[in-house]
Amino acid sequence: MKKIFVPALACVTAYCTMMACNVNAQGGPKQEPLPKATTIAELAARYDSSKCMECHEEAHEEWEESLHARSILGTPRTAPTIITAIEKGLKKFPYSGVKDDSDITVEHLMICMKCHLPQLREATDDVAREIVATIRAWMKASREGDEDKAEELEETIASLNIGCMVCHNSMALIHKYVDGYPQRDTVYGTTEGEHDAEDFPKMAVAPALGEAILCGQCHGQGPNFELDHPSQCATLYSSYLFSYVAHGGSKTCQECHMKESGLGHNMQAYRDETMIEKALDISVEARSLFWRKNKKEGVLPLGVIDVSMYNKAGHAIPDG
Ligand code: HEC
Ligand code: HEC
Ligand code: HEC
Ligand code: HEC
Ligand code: HEC
């Protein structure tokens, strides 16, 4: 009896993972997309997180400190690297169709924006080119020491980011055949009901919000095979699944990065003291001695250093 029961149970679990077995999620049918945003300003306004600030002050303050709040500017290493990808990649690849900045389309930038700015899909190719031109102008102003201009352009670049509505709406529902497609009037969290905000009068459940898979959508498994030219940047989610979870690890990204760290929406890594402390157990044992090597070289001082390192993070570090 047991022999038959166990595989059957395993099967149900696998089925549930695929189907995300949830009846409370309130996605709905796929909606007609909004007309494409035609400028950076329009795309930024559509995803503007400051709309949520007055009522979710803490989440907003925390999020503002995170790299998600400047996901194409980065530390600020990301924006210049996007330009490098264009110059050393797209413009040199024989079949990319990019010889000049004016040839750049949304699809080309998706090799980076798939994760750094997924909502770029909702914009026209003009926006892709405006982003590239803005990054170039910002780099030039920084080089020339025009600080005011550089700061202004930096703000424009950072106005495009992984804001509240990316995680709580457009990427919140993962198994859409079961949970439905995110609806434009709804914020997705852990409760359902009415939501006190003008543009988003409803609140519904995103079954995977507290699960690692939410973050896995961007934190990478390896080459992005769905793209015409698979790119690879973050690969940490595969390490989480196939190393940490496969060896019995049971915490989610949210548990380590949002809860235990006490950082909430300010998800951080090695730039933060708390995360550094959580990263590694290091023990060093050292002893010194004298060793008689041979007649010619005589007695030599010798050091034996035994270093052991244990990675406590839920994945390989560093990533990328
Ligand atoms: C006028 C006030 C107001 C504004 C503006 C507002 N919210 Fe809310 N929101 C609330 C209240 C009140 C709740 C329910 C209580 C709670 O969880 O804080 C809530 C709940 C939520 C939840 C569900 C939390 C859970 O535990 O499930 C999410 C997600 C959320 N809001 C996201 C947003 C986002 C994103 C924005 C900006 C687009 C926003 N809210 C704007 C007042 C507001
Ligand atoms: C829409 C895509 C996306 C989602 C969803 C997402 N991230 Fe990120 N995350 C990014 C990108 C892109 C960066 C890096 C931005 C940069 O610096 O260029 C980042 C940066 C980070 C960092 C900082 C890394 C560093 O080097 O300091 C941490 C930590 C992090 N994310 C954790 C999470 C966790 C935990 C979740 C899920 C709750 C999550 N992320 C969900 C795309 C995403
Ligand atoms: C699979 C999703 C994904 C794709 C595609 C992707 N990135 Fe990333 N990238 C991330 C995430 C997540 C991080 C931060 C966490 C990490 O390093 O693990 C990151 C980090 C970075 C960093 C370091 C961040 C910093 O602020 O210092 C740079 C630079 C970067 N990406 C540039 C690019 C460029 C350029 C492209 C396109 C050629 C690209 N990425 C494509 C997800 C992605
Ligand atoms: C990178 C993804 C991501 C972004 C961006 C993000 N959230 Fe969240 N948020 C989460 C996750 C994951 C949880 C649930 C954490 C848990 O309890 O497991 C959450 C929880 C919440 C909750 C429930 C209560 C709480 O504070 O934990 C509210 C309200 C909320 N977010 C509002 C916001 C607002 C407002 C913004 C923008 C300023 C925002 N979130 C940006 C991922 C995100
Ligand atoms: C068991 C706790 C734990 C779990 C689970 C965990 N992390 Fe981490 N993570 C850490 C610690 C600690 C660090 C800091 C180490 C460092 O950055 O050197 C870190 C670092 C990172 C970094 C920076 C990587 C780099 O370049 O060094 C990113 C991005 C990140 N985590 C995202 C995630 C995501 C996404 C998940 C879920 C798929 C996740 N983490 C699961 C503890 C955890």
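The rules we used
Residues numbered from 1 in each chain as written. Chains lettered and ligands numbered in written order. Predicted model: local features only at pLDDT ≥ 70, side-chain atom pairs only at ≥ 80, totals over all residues. Helix = DSSP H or I, 4+ residues; strand = E, 2+ residues; numbered from the N terminus. Buried ≥ 20, exposed ≤ 12 C-beta atoms within 10 Å, placed from the backbone. Contact = placed C-beta atoms within 7 Å. Pairing = 2+ DSSP bridges. Near = placed C-beta within 6 Å. Core = buried A, V, L, I, M, F, W, Y, C linked by C-beta atoms within 7 Å. Nonpolar A, V, L, I, M, F, W, Y, C, P; charged D, E, K, R; others polar. Axes fitted to C-alpha atoms, helices over the stretch in contact; angles between N-to-C directions. Parallel < 35°, antiparallel > 145°, perpendicular 65-115°, else oblique. Left-handed = near helix turned anticlockwise from the far one by under 90°.

### Looking at the overall build of the protein
Here is step 1 of the chain: A tally of regular secondary structure across the protein gives 13 helices and five strands.
Here is step 2 of the chain: Counting only C-alpha atoms, the protein reaches 85 × 75 × 45 Å along its principal axes.
Here is step 3 of the chain: Each of the 320 residues in the protein was classed as buried or not, and the buried ones make up 24%.
Here is step 4 of the chain: The contacts in the protein between residues at least 6 apart in sequence include a share of 55% that link residues at least 24 apart.

### Points about the pairing of strand β5 (residues 298-311)
Here is step 1 of the chain: In terms of residue burial, β5 counts as a barely covered element, since only zero of its 14 residues are buried.
Here is step 2 of the chain: Bridge count for strand β4 (residues 280-294) against β5 is 14 bridges, and the pairing is antiparallel. Bridging across to β5, serine 283 finds its partner in serine 308.
Here is step 3 of the chain: Following β4, the chain reverses through three residues before pairing antiparallel with β5.

### Notes on the pairing of strand β3 (residues 202-205)
Here is step 1 of the chain: Pairing between strand β1 (residues 186-189) and β3: four bridges, direction parallel. Across the sheet, tyrosine 188 pairs through a bridge with alanine 204, a residue of β3.
Here is step 2 of the chain: Bridging between strand β2 (residues 193-194) and β3 involves two bridges; their strand directions are antiparallel. Directly across from glutamate 194, in β3, lies its bridge partner lysine 202.

### Here's the deal with the site of ligand 4
Here is step 1 of the chain: Surveying the vicinity of ligand 4 reveals 20 residues, the closest of which are Cys52, His56, Cys164, Cys167 and Gly210.
Here is step 2 of the chain: Of all the secondary-structure elements, those providing two or more residues to the shell around ligand 4 are α3 (57-65), α8 (164-170) and α12 (253-260).

### Notes on the nonpolar core
Here is step 1 of the chain: Among the nonpolar cores identified, the biggest contains 49 residues, and Ile72, Ala79, Leu109, Leu120, Val127, Ile157 and Tyr188 are the most heavily contacted of them.
Here is step 2 of the chain: If one sorts the elements of this core by residue count, helix α6 (residues 125-143) sits on top with five residues.
Here is step 3 of the chain: With residues up to four places along the chain from it excluded, the contact list for leucine 120 reads Val106, Leu109, Met113, Val127 and Ala128.

### As for the site of ligand 5
Here is step 1 of the chain: In the region of ligand 5, 23 residues are neighbours, and Cys253, Cys256, Ala269, Ala313 and Gly314 sit closest.
Here is step 2 of the chain: Taken together, the elements giving at least two residues each to the shell around ligand 5 come down to α10 (212-219), α11 (236-244), α12 and α13 (273-279).
Here is step 3 of the chain: Its residues assigned to classes, the shell around ligand 5 comprises 14 nonpolar, six polar and three charged.

### Side note on the environment of isoleucine 174
Here is step 1 of the chain: Looking at the element boundaries, isoleucine 174 is found in the loop between α8 and α9 (176-179).
Here is step 2 of the chain: In sequence terms isoleucine 174 and lysine 88 are 86 residues apart; their C-alpha atoms lie 34 Å from each other.

### A few points about the packing of helix α4 (residues 78-90) against helix α5 (residues 106-116)
Here is step 1 of the chain: Contact geometry of α4 with α5 gives a least axis separation of 10 Å together with a crossing angle of 150°. Our classification of the angle between α4 and α5 gives roughly antiparallel. By crossing handedness, the relation of α4 to α5 is classed as right-handed. Of the residues in α5, those touching α4 at Thr78, Ile82, Ala85 and Leu90 are His108, Ile111, Cys112 and His116.
Here is step 2 of the chain: For the contact of α4 with α5, the per-class residue count stands at five nonpolar, three polar and no charged.

### Observations regarding the environment of proline 80
Here is step 1 of the chain: For proline 80, the position within the fold is in helix α4.
Here is step 2 of the chain: The partly exposed category is assigned to proline 80, around which 16 C-beta atoms lie within 10 Å.
Here is step 3 of the chain: In the structure, proline 80 is positioned 52 residues away from valine 132 in sequence and 9.8 Å away in space, judged by C-alpha atoms.

### Here we look at the packing of α10 against α11
Here is step 1 of the chain: Where α10 meets α11, the axes come as close as 8 Å, and the angle between the chain directions of the two elements is 135°. As judged from the angle between their axes, α10 and α11 are oblique. Contacts from Ala212, Cys215, Gly216 and His219 in α10 reach Leu236, Tyr237 and Tyr240 in α11.
Here is step 2 of the chain: Partitioned by chemical class, the residues of the contact of α10 with α11 number five nonpolar, two polar and no charged.

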